[in-house]
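# Understanding the architecture of this molecule
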Amino acid sequence: MTKDGSTRVRVIRGAGRIQELLDWGPIATRARTESAPAVSRTRGALLYRGPDGAPEAGIWECTPGDWECQVARDEFCHFLSGRCVYIHDSGERTELGAGDVAFFPAGWSGRCEVNETVRKVYVIL
C-alpha cells in the first residue's frame, strides 16, 4: 500500500528513453581535466517514496563528473545507459554500464566517476 493508502501500480514506460525528467540539481565535482565541468547535473523521476522517505524508487540521470560518494542506505541499481566507475576507499574499482545491475550496501564509501551520462533505475531501502 502506498502512503496515500492506494494499492495502484506505478509505471514509467520507456525508462531508458523518457525525456520528461525533473531537474534534481547539481553535484559539485572534482575537476579532472580542463574540459571536465565543475558541476555534474542530475535529473530524475520519482516512482515511489514511502513513509519517512524509505523505501524510494525512481530513475536517476547524471552528466559526467567525479565526486566523493557515501551510501547511507542499501541501494539497488539497474544501469540503463552511460558509463561510470565506482572506486571504493580501499581502491577496488567497479566499472558499470548499460545493462549492468549493482547493489551498494549501506556504509559503502568512495568515489564515483561518470564518464558518459548515466541513467539508472534505483531502489533505496
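Placed above this text is the structure.
Residues numbered from 1 in each chain as written. Predicted model: local features only at pLDDT ≥ 70, side-chain atom pairs only at ≥ 80, totals over all residues. Heavy atoms only, no water.

### Digging into the overall build of the protein
The helix and strand inventory of the protein stands at 0 helices and 8 strands. When the elements of the protein are put in sequence order from the N terminus, they spell out β-β-β-β-β-β-β-β. For the protein, with 125 residues in total, the buried portion stands at 38%. Contacts spanning at least 24 positions in sequence make up 63% of the contacts within the protein whose residues lie at least 6 apart. As displayed, the protein has an accessible area near 7,300 Å², and 53% of this comes from carbon and sulfur atoms. (Helix = DSSP H or I, 4+ residues; strand = E, 2+ residues; numbered from the N terminus. Buried < 20%, exposed > 50% of the residue type's maximum accessible area, 1.4 Å probe, protein only. Contact = heavy atoms within 4.5 Å. Areas by Shrake-Rupley, 256 points an atom, 1.4 Å probe, with all protein chains shown as cover.)

### Observations regarding the packing of aromatic side chains
Here the structure, examined in full by the defined rule, presents 3 aromatic pairs. Ring geometry for Y86 versus F104: centroids 4.6 Å apart, planes at 50 degrees, classification tilted. In this pair, Y86 is assigned in strand β5 (residues 75–88) and F104 in strand β7 (residues 101–104), connecting sequence segments 18 residues apart. For the pair Y86 and W108, a centre-to-centre distance of 5.9 Å together with 80 degrees between the ring planes defines the contact as edge-to-face. Linking Y86 in strand β5 with W108 in the loop between β7 and β8 (109–124), this pair joins segments that are 22 residues apart in sequence. The exposure class of W108 is buried, given its relative accessible area of 13%. Of the aromatic side chains, those joined through ring pairs into one cluster are Y86, F104 and W108. (Phe/Tyr/Trp six-rings, centres within 6.5 Å; stacked < 30°, edge-to-face > 60°.)

### A word on the environment of H88
With respect to the helices and strands, the residue H88 is situated in strand β5. Remark: the alpha-carbon pair of H88 and R111, spanning 23 residues in sequence, is separated by 6.5 Å. Those residues within four positions of H88 in sequence are excluded, and the remaining contacts are W108, S109 and G110.

### Brief notes about the pattern of salt bridges
Within this structure, the stated rule accounts for 9 salt bridges. For R41, the salt bridge identified is with D23, shortest N-O distance 2.8 Å. Here R41, found in strand β2 (residues 39–49), pairs with D23, found in strand β1 (residues 22–28); they are 18 residues apart in sequence, far enough to count as distant. D23 sits in the exposed class, given a relative accessible area of 53%. For D66, the salt bridge goes to R111, with nearest N and O atoms at 3.2 Å. One end of the pair, D66, is in strand β4 (residues 65–70); the other, R111, is in strand β8, and 45 residues separate them in sequence. Relative accessible area serves as the criterion here: at 2%, D66 is assigned to the buried category. In the salt-bridge network here, residues are joined through shared partners; they are R43, E61 and R119. (Salt bridge = Lys/Arg side-chain N within 4 Å of Asp/Glu carboxyl O.)

### Brief notes about the nonpolar core
F79, Y86 and F104 are the most contacted members of the largest nonpolar core, which has 18 residues in total. Mapped onto this core, the elements with two or more residues apiece are β3 (56–62), β4, β5, β7 and β8. (Core = buried A, V, L, I, M, F, W, Y, C linked by side-chain atoms within 4.5 Å.)

Function-wise, these values are silent; they only describe arrangement.
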